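Next come the chains, spelled out residue by residue.
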Amino acid sequence: MASQPQAAARPSRIGKLNRELLTQLKEFENTPEEGRWPGATWPAPQAFRDAEAFVRKLPLDSIPMPDMGLADDGEVNFLWKKDGVHVDLGFYGTGACSYFARGESGNKIHEEDALVSDDFPGEILALFKS
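What you see is a predicted model, and the numbers here were worked out from it, not measured in a lab. (Residues numbered from 1 in each chain as written. Predicted model: local features only at pLDDT ≥ 70, side-chain atom pairs only at ≥ 80, totals over all residues. Heavy atoms only, no water.)

**Focus: the confidence of the model for the protein chain**
In the predicted model, the protein chain carries a mean pLDDT of 87, and 89% of its residues have values of at least 70. Low pLDDT (under 50) marks residues 1–11, which in the prediction has zero contacts with non-local residues, meaning those over four places away or in another chain. (pLDDT = per-residue confidence, 0-100. Contact = heavy atoms within 4.5 Å.)

Written as structure tokens, this is what we have:
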């Protein structure tokens, strides 16, 4: 029987920085029970899935790399502080995220229930480019 040609590997559609964030996110998610904070609420599996979906669409070729962390109340959080721009964005696993952003001029942008399926808010992208 003749062997079938192997399909060529498809290049990833996400960039290197996105893959770095996805790796960090997976490391957080896989933290063993004994490595977690006592008394804190650990993020729900869906919070990690929502954050993963967000990271896959994050335009890191045009904005700075965020810091990522976990809050004591079960939130997966992304934080940007650069050149007078502050953005705090979080996921609880509800299919939505909340964010607060402040630009160098002091203008504020916030949303409590932005859909994870939406693109990164253009208003926030504009803060990084101003």
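Moving on, there is more to tell.
**Looking at the pattern of salt bridges**
A complete count under the given rule lists six salt bridges for this structure. Of the charged contacts, one joins K26 and E29 as a salt bridge, the two residues approaching to 3.3 Å between their closest N and O atoms. Of this pair, K26 and E29 are both found in helix 1 (residues 16–29), three residues apart, which corresponds to roughly one turn of the helix. Close ionic contact of R56 with E52 constitutes a salt bridge, the shortest N to O distance being 3.3 Å. Of this pair, R56 and E52 both sit in helix 2 (residues 45–57), four residues apart, which is roughly one turn of the helix. (Salt bridge = Lys/Arg side-chain N within 4 Å of Asp/Glu carboxyl O. Helix = DSSP H or I, 4+ residues; strand = E, 2+ residues; numbered from the N terminus.)

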